Amino acid sequence: MDFARLTSADTVQVRTSEAAELTDALHQLAKGTGGLIALAGEPGSGKTRLVVGMCQQAKDLGIAVLHGRSAAQDRRSPLSALSPLLEDAAPRGTQPTMQELHRALHELRSIPTLLVLDDFHHADDESIQLVEYLTRHPLGGPVLLVLSYRPRQATSALRSALAKGCETGHTIRMPLPPLTVEQSSALAEMSGLDLMNVHSASNGVPRYLLFLAKSSTWEWTVDDNPADTQFDDLVAGETEALTRSGTTLLQAAAILGSTFSIVYAAQLLEQSIDVAETQEELLDHDLIRPTLEPQVFRFRHELVRHAVYRQIRPAHRKKLHLSASVVLAETAKAPTLASHLEIAASRCASGLETFSLAAQEVLADRPDDAIRWLRIAADVATPGDQAVQQNRLLAKALVTQGKLVDAAAILTQQRVGATDRQRSLIVTDLALIKCFLEEDVSARTDLQVEISRPSNHRLTDKIRMVARLTIVGMFDGELPDIDQLGSVPPRRNSRHAHQMTNVDELAMVGMAALSAAYHGDFASAAQKISHAAELAILSTDDELDDYPDYLAILGWSEIMTAQFDSAIAHFERQMSIAHKHGLSCMTPVILIGLSTAYHCKALVDTAQRIATDAKTAARALGAGRVAEVAEVLEYSYLSWSDRVDGSSVSVQSAEKALVTRKLGGWWFGTNAALQLASALKMHGDADRCAAVILSTGAGADLSFIAPSMRPWCYETLADIGADQDDPITVDWVDRAQQAASGAGAAGHANAYATLAAGHLARMREQHLVAAELYRRSAQLFAELSMRGPQIRALNEAGALASAAGQDGNGAPDLRAARELAHRAGKSVVYENTESTRRKVIPISRETATTPPPALASLTRREVEIAQITATGMRTRAIADLLHLSPRTVDIHLTHIYRKLGINNRTQLVRLMVEAA
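Just so it is clear, the model here is predicted, and its values are computed rather than measured.

How each quantity is defined
Residues numbered from 1 in each chain as written. Predicted model: local features only at pLDDT ≥ 70, side-chain atom pairs only at ≥ 80, totals over all residues. Heavy atoms only, no water. Core = buried A, V, L, I, M, F, W, Y, C linked by side-chain atoms within 4.5 Å. Buried < 20%, exposed > 50% of the residue type's maximum accessible area, 1.4 Å probe, protein only. Helix = DSSP H or I, 4+ residues; strand = E, 2+ residues; numbered from the N terminus. Contact = heavy atoms within 4.5 Å. Phe/Tyr/Trp six-rings, centres within 6.5 Å; stacked < 30°, edge-to-face > 60°. 1 Å grid on protein atoms, 1.4 Å probe; cavity = no way out; pocket = protein on both sides within 12 Å on 5 of 7 lines; lining within 4 Å. Points joined across faces, edges and corners; volume = space filled by probe spheres on them. Nonpolar A, V, L, I, M, F, W, Y, C, P; charged D, E, K, R; others polar. Pairing = 2+ DSSP bridges. Axes fitted to C-alpha atoms, helices over the stretch in contact; angles between N-to-C directions. Salt bridge = Lys/Arg side-chain N within 4 Å of Asp/Glu carboxyl O. Parallel < 35°, antiparallel > 145°, perpendicular 65-115°, else oblique. Left-handed = near helix turned anticlockwise from the far one by under 90°. pLDDT = per-residue confidence, 0-100.

1. Thoughts on the nonpolar core
Consideration 1: Core analysis: the largest hydrophobic core is formed by 163 residues, its most contacted members being Phe436, Leu506 and Ile693.
Consideration 2: Of the residues forming this core, the biggest block, 11 residues, is contributed by helix 24 (residues 502–518).
Consideration 3: Dropping the residues within four chain positions of it, leucine 506 is found in contact with Ala532, Leu535, Ala536, Leu544, Tyr550, Leu551 and Leu554.

What follows is the structure, given as structure tokens:
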């Protein structure tokens, strides 16, 4: 969009009411009635365009038009504002007198005449006196006088004259207010968020609106935004009338910013000026405006400031920016000082701290600026710790932009010739980046080599490396042995050079807790977690700022021991600490942990939203496999809200994400695979669910699955076996109980073992026993705030009580399940009495106590499906009736055909008829 497209037609299009009022005035003029109209508006509000359009319309109506425009220099020439309109009032080359102008104005009454005086705020005192006279003594007849002016630049005499004319009714004041959003949309041909941003930034002024609509930003940087020649020329015309002092002070102000201290602006100048007088000059020209703060002003608009800024010669501009960095050194923030130093091309070592601090402050919101400033800081840093620190910060900033390869290259280069401590910090940073680049082996090797060096590492740095090795273990499935840290000096030994801090101890205890929980020693893990949580309270956010792994490790250990509320608190605290630094490699790791914790509490909507955030963060970092894991979580939660379509999407998404991933490994492999198993079970594909669990665990011992997850796995297998009346269910229940006994005080393990025992009792048709076991497991889950399995257990308990003929006993369980589902936002699965009851009492047993002899080889579920199939019902209808997936029904039919020695439905129907 070209700025010049702001034509009279555009203005009429958006200022329809003002244009219509001017048109009415012209029609009245054609009929012989004139008057005086004062058109008031901001610079660029469209006054000139309206009067130009009015003049053209007047000519079309046969009205005589006299059009003149004042300039700033006219204030020094008496009656100059009127003389161009009345050239015949005095001999050529002479200035007309007041009497001659009066006579000329009265002579205009012979024919309808439009007299337009544009930019009348520049008018001289004598011209204003004449207008003031006309407000008291109208000409009468067909003469219409239209004045356009800027209220802020009008003299008090002009404002007073027009005010009196409005009071007497001889003058009509027509203000041009800021454009509405609808008017801005029509003029700029924009909509949505872009429109709102541009409209707000323009202050509703058409001139600014169109300029902003074509340029996406107006913040000055090292490379100036392209200028609009016409706009710059308009501003140059305004500044041309300034004194030399006014010009230099205005340019100094443009260096400081849109809002500036007039005192600081004056300090940038080489020569001294009368600040008060020059300030009034700039105010009179409406180039600057006062703020509520004394001696602080702002430009009329940011675009005006940019136009003035572009008027400054490049060499002088650099000089002024350098002066600004000195003048503002004690008061301005680091990003402001860095901007001045950068444009001044001042890259001396003294500015190193400024560039570094500025980059850290803006990293979260302006990563491009941060990276640019950190590159400058790295260039001027002296070799050694200073250079390493700057390059570490630069690598961190590059990570936020998803430039992992560039970040890794910078850190790898810094390792050469680094001291022991420098190398340990670099290796720690580099390891996580390599994991995100799927170079797990290299990341682990680097850390292990550095940890095992005989060098004199600081204890804090060594702990940091082992903690990072723990995070790497989440990627490749191999948690470190914290004994690698060796002997640890007492925390309170103040004479020791490497006294352990609260943060150091938090890391060590947290890693020990995670290791204990992972290997199934839940009693020890719980004790260590309690200790670590106390240390976390004693550690301030500033102390934890540079150690993003520590609270994350504690949070994951709490998830494994079913301490979900504490895990959420620690993950959220870590996110709060990390937020001020923007995106980092740890962000998706923390978000995935937070999402998992909310999911375990059955707050599925929240869990899904956070999983989406984790996926977005991982993709922004360029970490493909982490994004895939987050996506598996995101879609798996659909199963909890939609048992049919949601679980189908979950299965498809999980299979797609896992197809290229090795199923081994603790976090990415195992957890993602078990999410797929959960989605398969909800989808009704029980056989595939069992197959995924067993293949992930490398057999019935589930040796490749963390002990903390085995109770859930065995309970799931027991549930599937009970549904199919499979004798192996007994083995799964035994294994669940063994896993629980090995878990010690872990409540979730006992809860799942109890739930598995309920499945076995259900299979044996011990309904009341099963109901009681389900209630007991529900209570255990309730104590852990695990609403999902609690709801499932209460559903089962209610259905079993109903099946045993004790509806009164079942109703409270089902009501409690329904209430829990409601509290969770109705996103978790809640099955009503009948649907759960059908799972317990197959339809076949409502009509027959024993199957026909020909079907004796079939399981209970297979008999049920065979009898329904014999009625002619198709697979989809059977699946809907029994709350199974069509695939599961087809699998059961395949088993039926094989056991009965038949090949198709027709033969099955014939066999069922013969059996009957």
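2. Looking at the packing of aromatic side chains
Consideration 1: Tallying each qualifying case throughout the model produces eight aromatic pairs.
Consideration 2: Note on tyrosine 547 and tyrosine 550: the rings are 5.1 Å apart at their centroids and 20° apart in plane angle, and the pair reads as stacked. Exposure class is identical for tyrosine 547 and tyrosine 550. Each is buried.
Consideration 3: Within the aromatic cluster, the residues linked to one another by ring pairs are Tyr208, Phe211 and Phe231.

3. Considerations on empty space enclosed by the protein
Consideration 1: Scanning the model with the defined rule gives two cavities of 30 Å³ or more in all.
Consideration 2: Approximately 40 Å³ is the volume found for the second largest cavity.
Consideration 3: For the second largest cavity, the full set of lining residues is Thr470, Leu479, Pro480, Met511, Leu514 and Ser515.
Consideration 4: The dominant element in the lining of the second largest cavity, judged by the number of residues it contributes, is helix 24, at three residues.
Consideration 5: Its residues assigned to classes, the lining of the second largest cavity comprises four nonpolar, two polar and no charged.

4. Some points on unusual backbone geometry
Consideration 1: A positive phi angle is found at aspartate 725, which is not glycine, with a value near 55°.
Consideration 2: Here aspartate 725 is to be found in the loop between helix 35 (710–723) and helix 36 (729–742).
Consideration 3: Residue classification places aspartate 725 among the partly exposed residues on the basis of a relative accessible area of 30%.

5. Observations concerning the sheet that holds strand 8 (residues 296–299)
Consideration 1: Overall, antiparallel pairing links the three strands, which are arranged 6-8-7 in an open sheet. Looking along the sheet, the strands with just one partner apiece sit at the ends: strand 6 (259–261) and strand 7 (288–290). Averaged over all pairs of adjacent strands, the angle between their axes in this sheet comes to 35°, without regard to strand direction.
Consideration 2: Judged from the three bridges that link them, strand 7 and strand 8 form a sheet pairing that is antiparallel.

6. Quick word on the sheet that holds strand 4 (residues 143–149)
Consideration 1: Overall, parallel pairing links the five strands, which are arranged 2-3-4-1-5 in an open sheet. One side of each edge strand has no neighbouring strand; the edge strands of this open sheet are strand 2 (64–69) and strand 5 (171–175). Direction aside, neighbouring strands of the sheet carry axes that sit 15° apart on average.
Consideration 2: Packed onto the sheet, helix 6 (residues 156–168) meets strand 1 (35–40), strand 4 and strand 5 and runs at close to 115° relative to strand 5.

7. Focus: the pattern of salt bridges
Consideration 1: Enumeration according to the criterion identifies 42 salt bridges in this entry.
Consideration 2: Salt-bridge contacts for glutamate 238 lead to arginine 150; the nearest nitrogen and oxygen are separated by 3.1 Å. Highlighted residues: glutamate 238 in helix 10 (residues 229–239) and arginine 150 in the loop between strand 4 and helix 6, separated in sequence by 88 residues. Pair check on accessibility: glutamate 238 and arginine 150 agree, each one buried.
Consideration 3: Residue arginine 415 pairs with aspartate 446 through a salt bridge whose shortest N-O separation is 3.4 Å. With a gap of 31 residues between them, arginine 415 in helix 20 (residues 404–415) and aspartate 446 in helix 22 (residues 440–452) connect regions that are remote in the sequence.

8. Side note on the packing of helix 29 (residues 586–600) against helix 31 (residues 624–636)
Consideration 1: Axis separation between helix 29 and helix 31 bottoms out at 11 Å; the angle between their running directions is 15°. As judged from the angle between their axes, helix 29 and helix 31 are roughly parallel. Handedness of the helix 29/helix 31 crossing: left-handed. Within the contact between the two elements, helix 29 uses Pro588, Ile592 and Thr596 and helix 31 uses Val626, Val629, Ala630 and Leu633.

9. So, the confidence of the model for the chain
Consideration 1: Predicted confidence across the chain gives a mean pLDDT of 83, with 85% of residues reaching 70 or more.
Consideration 2: Mean pLDDT across the secondary structure elements of the chain bottoms out at helix 42 (residues 843–847), with 47, and peaks at strand 8, with 96.
Consideration 3: For the stretch residues 1–9, pLDDT sits under 50, and the model shows 27 contacts to residues farther than four places along the chain or on other chains.
Consideration 4: Counting interchain partners and residues more than four positions distant, the pLDDT-below-50 stretch residues 218–225 has 23 contacts.

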